[in-house]
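Reading the structure
One letter stands for each residue in the lines below.
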Amino acid sequence: MEIGKGRLLRFTLMGGEARVFLCDTTGMAQLARDIHHASNTCSAAMGRMIAAAAMMGVNLKSEGDRITATINGGGPAGPLCAVAGPDGLVKVTIEHPEVELKLKENGKLNVGGALGKDGQLTIMRSFGYGEPYLGRVQLVSGEVAEDFAMYYLESEQTPTVCALGTTVGEDIIASGGILIQAMPECSESTIEQLEIRAELFGAISQLLQEMTLEEIVENAFRGLNPQILEEMPLKLECDCSRERIEEVILSMGPKEINKLIEEQNGCEVTCHFCRKNYRFTGEELAALLKAGLEQTDEES
Ligand SMILES: [Zn+2]
């Protein structure tokens, strides 16, 4: 495992009757666990989300496109959010990464309990320009995989098998996922075959411990003519910068910024995704505000 890194395969079955994304995101889940000092349950929640978002992100068309996936289920861990793009970059955050729950009766981490299921999965697709596209579904279980499968079914009318898994020990042992989508021309017999194999993927993190991605393709899809179209690297990486944070501060408006200057002579902003701190002195805020106001004058 290389910390922060992952790998994805995109392939088709039966000459295009179904398309599949398969990823090993163990190293990314480990880095997310480290960055957020996450509990086992929240590490699993983030691990599953990283894999789901990565598989959705690589399917976007242009370089600057992004998907932002948010699960807001009202659970004690708070909202879980990931951003991913076609370049394979993913970032993730959860509001209360320290929240830990007892294991479920079947011995699994209680991700659904931590995230809650009283809410929605929201997918925002933003493009380099224009209005973002927003899709929403009611949560099925807050276990992430079922919620994403429901999203694909409801908003894209695509029958989808989505399996995500993260095994946590002292560290992340394995994490990843698979997404299988039946295309409109998919035959009944292929769908049947996929349904039979779907059960196998209930233990996707187990498979990832035992086999490489290529071996999973070969073993799990024997007889379905798998054809690998693309192999791509994935990476957990935040794209925040001081310039971006300045924009966020400016968006608060002059009144709030002046308050920060007068009351605490500066401010400190922490990026939710990588937990990096950005400090601004009162003087820096004043200069920022002045530059911002001048720019607004030019525009108006
Ligand atoms: Zn950041």
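Residues numbered from 1 in each chain as written. Predicted model: local features only at pLDDT ≥ 70, side-chain atom pairs only at ≥ 80, totals over all residues.

Our focus in this paragraph is the overall build of the protein. Counting its secondary structure elements, the protein contains ten helices and twelve strands. Over its C-alpha trace the protein gives a radius of gyration of 21 Å, about what one expects of a compact globule, namely 19 Å for 300 residues. Reported as C-alpha extents along the three principal axes, the dimensions of the protein are approximately 70 × 45 × 35 Å. Every one of the 300 residues in the protein was classed for burial, and the buried ones make up 40%. The contacts in the protein between residues at least 6 apart in sequence include a share of 66% that link residues at least 24 apart. (Helix = DSSP H or I, 4+ residues; strand = E, 2+ residues; numbered from the N terminus. Rg over C-alpha atoms; globule rule 2.2 N^0.38 Å. Buried ≥ 20, exposed ≤ 12 C-beta atoms within 10 Å, placed from the backbone. Contact = placed C-beta atoms within 7 Å.)

Segmenting the protein into domains produces domain 1 (5-236) and domain 2 (242-299). With centres defined by C-alpha atoms, the gap from domain 1 to domain 2 works out at 36 Å. With five residues of domain 1 in contact, the opposing surface of domain 2 contributes four residues. Where the side of domain 1 that touches domain 2 is concerned, the elements lending two or more residues are α1 (26-36) and β5 (89-94). A total of three residues in the side of domain 1 that touches domain 2 trace back to one element, the largest contributor, which is β5. (Domains from an automatic or database assignment.)

Within helix α7 (residues 213-220), the full set of buried residues consists of Leu-213, Ile-216 and Val-217. Within α7, the buried residues cover an arc of 100° as seen down the axis, which keeps them to one side. Exposed side of α7, more than 90 degrees from the buried face: Glu-215 and Asn-219 are the residues found there. Buried residues along α7 sit against β1 (5-13), β2 (18-24), α6 (204-210) and β10 (227-236). (Arc of directions from axis to C-beta.)

For the rest of this paragraph, the subject is the sheet that holds strand β4 (residues 80-84). With mixed pairing, the ten strands of this open sheet are ordered in space as β7-β6-β3-β4-β5-β10-β1-β2-β9-β8. Edge strands, defined here as strands with exactly one partner in the open sheet, are β7 (133-138) and β8 (160-168). Strand-to-strand twist of the sheet, defined as the mean angle between neighbouring strand axes without regard to direction, takes the value 15°. Two strands pair when backbone bridges link them, and β8 and strand β9 (residues 172-182) are joined in this way by nine bridges, in the antiparallel orientation. Considered in β9, the bridge of Gly-165 is made with Gly-176. Across the sheet, helix α2 (residues 40-57) touches β1, β2, β3 (66-72), β4, β5, β8, β9 and β10, and the angle it forms with β8 is around 140°. (Pairing = 2+ DSSP bridges. Axes fitted to C-alpha atoms, helices over the stretch in contact; angles between N-to-C directions.)

Here we come to the pairing of β8. Across the nine residues of β8, eight count as buried, placing the element largely inside the fold. Taking the residues that link successive antiparallel strands as the turn, the β8-β9 hairpin has three residues.

Attention now goes to unusual backbone geometry. In the Ramachandran plot, Met-14 falls in the positive-phi region, its phi being about 50° despite a non-glycine side chain. Inspection of the secondary structure assignment puts Met-14 in the loop between β1 and β2. For Met-14, a count of 20 C-beta atoms within 10 Å gives the class buried. Positive phi, normally seen in glycine, also occurs at Asn-225, with a value near 50°. In this structure, Asn-225 sits in the loop between α7 and β10.

The next thing to look at is the pairing of β5. With five of six residues buried, β5 lies mostly within the body of the structure. Note that β4 and β5 share five bridges and pair antiparallel. Looking at the pairing, Ala-84 lines up with Val-90 of β5. A loop of four residues connects β4 with β5, the two strands running antiparallel in sequence, and Gly-88 in this loop sits at a positive phi of about 85°. Across two bridges, the pairing between β5 and β10 is parallel. Across the sheet, the residue bridging to Leu-89 is Lys-235, located in β10.

Moving on, we come to the environment of Met-56. Relative to the elements of secondary structure, Met-56 occurs in helix α2. On the basis of neighbour count, Met-56 is assigned to the buried category, with 23 C-beta atoms found within 10 Å. Taking the C-alpha atoms as reference, Met-56 lies 7.4 Å from Ile-67; in sequence the two are eleven residues apart. Those residues within four positions of Met-56 in sequence are excluded, and the remaining contacts are Ile-67, Ala-69 and Ala-84.

Ala-45, Met-46, Met-49, Ile-50, Ala-52, Ala-53 and Ala-54 are the most contacted members of the largest nonpolar core, which has 76 residues in total. If we ignore the near neighbours within four places in the chain, the residues touching Ala-54 are Gly-6, Leu-8, Cys-23, Thr-25, Ala-84, Gly-88, Val-90 and Leu-234. (Core = buried A, V, L, I, M, F, W, Y, C linked by C-beta atoms within 7 Å.)

This part covers the packing of α1 against α2. Each pair of packed helices gets described by two things: the angle between the helix axes and the distance between those axes. At their nearest, the axes of α1 and α2 sit 9 Å apart, and the two run at 135° to each other. Put simply, α1 runs oblique to α2. α2 is crossed by α1, and the crossing has right-handed handedness. In this structure, α1 contributes Met-28, Ala-29, Ala-32 and Arg-33 to the contact, and α2 contributes Ser-43, Met-46, Gly-47 and Ile-50. The residue makeup of the contact of α1 with α2, split by class, is five nonpolar, two polar and one charged. (Parallel < 35°, antiparallel > 145°, perpendicular 65-115°, else oblique. Left-handed = near helix turned anticlockwise from the far one by under 90°. Nonpolar A, V, L, I, M, F, W, Y, C, P; charged D, E, K, R; others polar.)

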